[in-house]
Amino acid sequence: MTAFTGVDSQNLLDVMVSVQFILAIGGQELKDNYAKVKDDLQMQVVFLINGLPG
């Protein structure tokens, strides 16, 4: 394994856990960004349907 990754077998589990943690953080950020974009689009649609207030 060391020849391909630079990680020896004694550290492999630690590296795998670290990678899973990094992927989980990235996944949460993507989910948060998606929710914000979705909310922004919904507000724009409401504005287009209702027009200017007043």
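Residues numbered from 1 in each chain as written. Predicted model: local features only at pLDDT ≥ 70, side-chain atom pairs only at ≥ 80, totals over all residues. Heavy atoms only, no water.

Student: Could you give me a rundown of the overall build of the protein, with the residues and numbers involved?
Tutor: A tally of helices and strands in the protein yields two helices and zero strands. When burial is assessed residue by residue, the protein has 2% of its 54 residues classed as buried. A total accessible area of about 5,100 Å² is found for the protein, and carbon and sulfur atoms account for 66% of it. (Helix = DSSP H or I, 4+ residues; strand = E, 2+ residues; numbered from the N terminus. Buried < 20%, exposed > 50% of the residue type's maximum accessible area, 1.4 Å probe, protein only. Areas by Shrake-Rupley, 256 points an atom, 1.4 Å probe, with all protein chains shown as cover.)

Student: Pulling in residues and values, what's your account of the pattern of salt bridges?
Tutor: Per the stated rule, a full pass over the model turns up one salt bridge. A salt bridge links K36 to D40, with the nearest nitrogen and oxygen atoms 3.1 Å apart. Separated by four residues within a single helix, K36 and D40 lie in helix α2 (residues 12-50), roughly one turn from each other. (Salt bridge = Lys/Arg side-chain N within 4 Å of Asp/Glu carboxyl O.)

Student: Hey, could you go over a nonpolar patch on the surface for me, with residue numbers and the actual values?
Tutor: Taken together, the side chains of V15, V19 and L23 make up a nonpolar region of the molecular surface, amounting to roughly 240 Å² of accessible area. Relative to the helices and strands, V15 is located in helix α2. (Patch = residues over 30% accessible without salt bridge, like charges linked within 9 Å, V, L, I, M, F, W, Y side chains within 5 Å.)

Student: Kindly report on α2, identifying the contributing residues and their values.
Tutor: Taking 1.5 Å per residue, 39 residues should reach 57 Å; α2 reaches 57 Å between its end C-alpha atoms and fits that length. Note on α2: the residue one or two positions beyond its end, G51, has a positive phi of about 75 degrees. (Expected span 1.5 Å × (residues − 1).)

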